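Coordinates in review
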Amino acid sequence: MAQEPTVCVVDDDEAVRDSLQVLLETMGYAVEVYDSGMAFLQNCAALGTGCVLLDVRMPQMNGLEVQQRLRAERPDLPVVIVTGHGDVAMAVQAMRAGAMDFIEKPFDEGALLASVQNALTRGEQTHQTMDAKAAIQRSLDRLTPREREVFDQLIIGHANKVVARALECSPRTVEIHRARVMEKMEATSVAQLVRMALSAGIEIAED
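Figured I'd write up the structure that's included with this text. In this text, all values refer to a predicted model and were calculated from it rather than measured experimentally.

**Some thoughts on the pairing of strand β4 (residues 79-83)**
- Most of β4 sits inside the fold, with five of its five residues counted as buried.
- Sheet analysis places strand β3 (residues 50-55) next to β4, joined by four bridges and oriented parallel. Bridging across to β4, Val52 finds its partner in Val79.
- A crossover links β3 with its parallel partner β4, the connecting element being helix α3 (residues 63-73), and its sense is right-handed.

Printed below as a string of structure tokens:
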């Protein structure tokens, strides 16, 4: 059973944390609250899918610093910046660094809930993309060195005879390796192999 996505509220203001928690839980969201960026970062690796409502102005570690750490450690958790009066410039800076949106205190409940839902949708999509990329990498890791050479030749469009010449083996040997590559990669066509390679971040050289 898939874990329910979590909205993480990170704000040093207890009243803000409490009001956001009540509102979000009333709307059916799972919520976790943190009184500092450091407390959140210490726990973020254990979180499943979700999003973060992040106060931009906090002592010790501000929202921009938390966001920077989060991009490195949990890029699949979208950030919605929470700002007070006078902090819009910081919020814009955060959005330039990858935050999805920002909301201003006092909150408009409709706008806040819409922003949270958009962030959760983005987070789920990013999580699925990362899972798919990891699955492709696991399949690539199962290839033998020779099979990986054949894979690399196939994705640049080389026919079996061309691959055979490049690898100094017989076309029949290439056919055998090609079949094993297709089986291990769970692919039915070279086009599918190419899509997998691009998803995995493999640079495909021009022939």
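**Observations regarding the side chain of Glu147**
- Its location among the elements puts Glu147 in helix α6 (residues 145-154).
- The exposure class assigned to Glu147 is buried, which follows from its relative accessible area of 3%.
- In this structure Glu147 touches Arg142, His177, Arg180, Val181 and Lys184, once residues within four positions along its chain are discounted.

**As for the pattern of salt bridges**
- If you walk through the whole model with that rule in mind, you get eight salt bridges.
- Across the salt bridge formed by Arg146 and Glu149, the nearest N and O atoms sit 2.7 Å from each other. Of this pair, Arg146 and Glu149 both sit in helix α6, separated by three residues, roughly a single helical turn.
- For Arg146, a relative accessible area of 30% corresponds to the partly exposed category.
- Using a relative accessible area of 35% as the deciding quantity, one classes Glu149 as partly exposed.
- Asp152 is paired through a salt bridge with Arg148; the nearest N and O atoms lie 3.0 Å apart. Of this pair, Asp152 and Arg148 both sit in helix α6, separated by four residues, roughly a single helical turn.

**Regarding the packing of aromatic side chains**
- All told, the structure shown has one aromatic pair when counted by the stated rule.
- Centre to centre, the rings of Tyr34 and Phe40 are 5.4 Å apart; their planes meet at 70 degrees, and the pair counts as edge-to-face. Each member of the pair, Tyr34 as well as Phe40, is classed as buried.

**A word on the packing of helix α8 (residues 171-185) against helix α9 (residues 190-199)**
- Running from amino to carboxyl end, α8 crosses α9 at an angle of 55 degrees, the nearest separation of the two axes being 11 Å. Classified by the angle their axes make, α8 and α9 are oblique. Crossing angle aside, the handedness with which α8 passes α9 is left-handed. Residues Arg178, Val181, Met182 and Met185 of α8 lie in contact with α9, whose contacting residues are Val190, Leu193 and Met196.

Criteria and thresholds
- Residues numbered from 1 in each chain as written.
- Predicted model: local features only at pLDDT ≥ 70, side-chain atom pairs only at ≥ 80, totals over all residues.
- Heavy atoms only, no water.
- Buried < 20%, exposed > 50% of the residue type's maximum accessible area, 1.4 Å probe, protein only.
- Helix = DSSP H or I, 4+ residues; strand = E, 2+ residues; numbered from the N terminus.
- Pairing = 2+ DSSP bridges.
- Right-handed = clockwise from strand over helix to strand, strands pointing away.
- Contact = heavy atoms within 4.5 Å.
- Salt bridge = Lys/Arg side-chain N within 4 Å of Asp/Glu carboxyl O.
- Phe/Tyr/Trp six-rings, centres within 6.5 Å; stacked < 30°, edge-to-face > 60°.
- Axes fitted to C-alpha atoms, helices over the stretch in contact; angles between N-to-C directions.
- Parallel < 35°, antiparallel > 145°, perpendicular 65-115°, else oblique.
- Left-handed = near helix turned anticlockwise from the far one by under 90°.

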